[in-house]
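Residue strings, one per chain:
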Amino acid sequence: MKILGNKMSYRKIIDSGLRSADDNICDQDKVWSRYSHDKVDIGEELTKVIRTLDKALPLNLKLRALSIGSSDEPQFRILETAFRSGLYLIDINDNALGVVRERIKRQHTSHVTTIKGDYNKIFLNSKDGKVFFKDTLKEKRIHLATLHHSLYYSEQRCWLDIFDNLYRNFLAPCAAMHSVLMSSKSVNPLTTTWLYNYFAGKFFGVHNDQDLCVFKNDLQTRPLFKKAQVLLRTNRVYFDVDNFEKFMAVVWMVLLYPQVHRYNLKQREEITEFVYKTFWRNKKPLIQEQDHLVIYKGVGFKGLI
C-alpha cells in the first residue's frame, strides 16, 4: 500500500504540472514575477542607468522616458518617480495598460501616458517613427528608452532598424537605452535557456536565436553608434516555488507553449517528468541567465552597468 500510495502521489504531481500548461500566459508571468528575482535584477540594473544619467545631466532637468512593452511591471514605479517630465508606456496588452490607467487616476500621476500599440509597427521604419514622435511625444526627445523582455516579440533581423530609429530620432543628445533578454546559449541544464533549446530543438528543430551578445557586436559596427558606449552584462536570476503546478506554469511559459510550440500530450508528459526528476525531486531552482544591454549616448564618462 505504501508503494501504491507513492505512485499515486507521483501521478498526482505530474498531472498537476500538466494542468498548468493550460494557464493563461499572464497568470504564468505573474508566478514568475512573484517567485523569482527577475524584476529585482532589472530594477537594480535600471537604477544604475538612471544614476549615470543623473550624473551626466543637470540636476534641475526634468527627464522623459519611453517604456516599450513592460506595461504594468514593477519597474514602472521606478520610472514614474524618476521621469517626471513624461513617461510613455507602449504595450499591445490593453489589460496590462488598464492596470496602469487605474493607478494613474488613483495616484494622480498625470505625467504618465499609456499607449496601446505594436512597437514593431511604430519603430521599424523612420517614417512611422517620426509620426509617433510628432503626434504622441509632441517632438520632445527622451532621455531613456527601455525594452525589458520585449525584444522577444521582434525578430533579431529587425532590431538594428528599431534601435537606429530610436537612437537617431527619439533620444536626447545625452540619453540611454536599456534592454533585457534571456541569454540565448547555456550549457547548464538547470537554466531556462537550456530547457528551451533542448525541448524546442528535440521536438521542433529550433533554438533560441535572439542574442543580445551578438547584437552588441552588430551595433558596434554601425557608424551611428561609433561614439556611443555599448555595454553588456549577464546576471543570474533564480526561480523557486513550493508548488509543482506553479513551477511548471513558468516552465510552459519558457517553452512557449502553446503560443509558439504546440507540444503534444506525450511530449508534455516527457517535459513534466524531466522537470520533476531534475528540479523538483532534487529541490533545485530554475535559473535564468539574462543579458542586460545598455547604450549610452553623449555620456562623457564610463557609464554604470
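All values derive from a computational prediction rather than experimental measurement.

With respect to unusual backbone geometry
Step number 1: Going from Tyr-257 to Pro-258, the amide bond is cis rather than trans, its omega being 0°.
Step number 2: Along the polypeptide, Pro-258 turns up in the loop between helix H11 (244–254) and helix H12 (265–280).

Focus on the confidence of the model for the protein chain
Step number 1: Per-chain confidence: the protein chain averages 91 in pLDDT, with 96% of residues scoring 70 or above.
Step number 2: Within the model, pLDDT remains below 50 along residues 1–5, and this stretch shows zero contacts once partners closer than five positions in the same chain are excluded.

Observations concerning the packing of helix H8 (residues 156–169) against helix H10 (residues 212–220)
Step number 1: Where H8 contacts H10, the axes come no closer than 11 Å and their chain directions differ by 45°. Considered as vectors, H8 and H10 are oriented oblique to each other. The crossing of H8 and H10 is right-handed. Across the interface between the two elements, Gln-156, Trp-159, Leu-160 and Phe-163 of H8 pack against Leu-212, Val-214, Phe-215, Asp-218 and Leu-219 of H10.
Step number 2: For the contact of H8 with H10, a count of residues per class yields seven nonpolar, one polar and one charged.

What about the nonpolar core?
Step number 1: Core analysis: the biggest nonpolar cluster contains 34 residues, and Leu-66, Phe-123, Phe-132, Phe-163, Leu-166, Leu-219 and Ile-295 have the highest contact counts within it.
Step number 2: Counting residues per element, this core draws most heavily on H8, which supplies six residues.
Step number 3: Beyond its immediate chain neighbours, meaning those up to four positions away, Phe-132 contacts Leu-66, Ile-90, Ile-115, Ile-122, Phe-123, Leu-137 and Phe-170.
Step number 4: In terms of nonpolar packing, the next biggest core, distinct from the first, is built from 31 residues, Ala-21, Leu-190, Ala-200 and Leu-286 among them.

Calculation rules
- Residues numbered from 1 in each chain as written.
- Predicted model: local features only at pLDDT ≥ 70, side-chain atom pairs only at ≥ 80, totals over all residues.
- Heavy atoms only, no water.
- Helix = DSSP H or I, 4+ residues; strand = E, 2+ residues; numbered from the N terminus.
- pLDDT = per-residue confidence, 0-100.
- Contact = heavy atoms within 4.5 Å.
- Axes fitted to C-alpha atoms, helices over the stretch in contact; angles between N-to-C directions.
- Parallel < 35°, antiparallel > 145°, perpendicular 65-115°, else oblique.
- Left-handed = near helix turned anticlockwise from the far one by under 90°.
- Nonpolar A, V, L, I, M, F, W, Y, C, P; charged D, E, K, R; others polar.
- Core = buried A, V, L, I, M, F, W, Y, C linked by side-chain atoms within 4.5 Å.
- Buried < 20%, exposed > 50% of the residue type's maximum accessible area, 1.4 Å probe, protein only.

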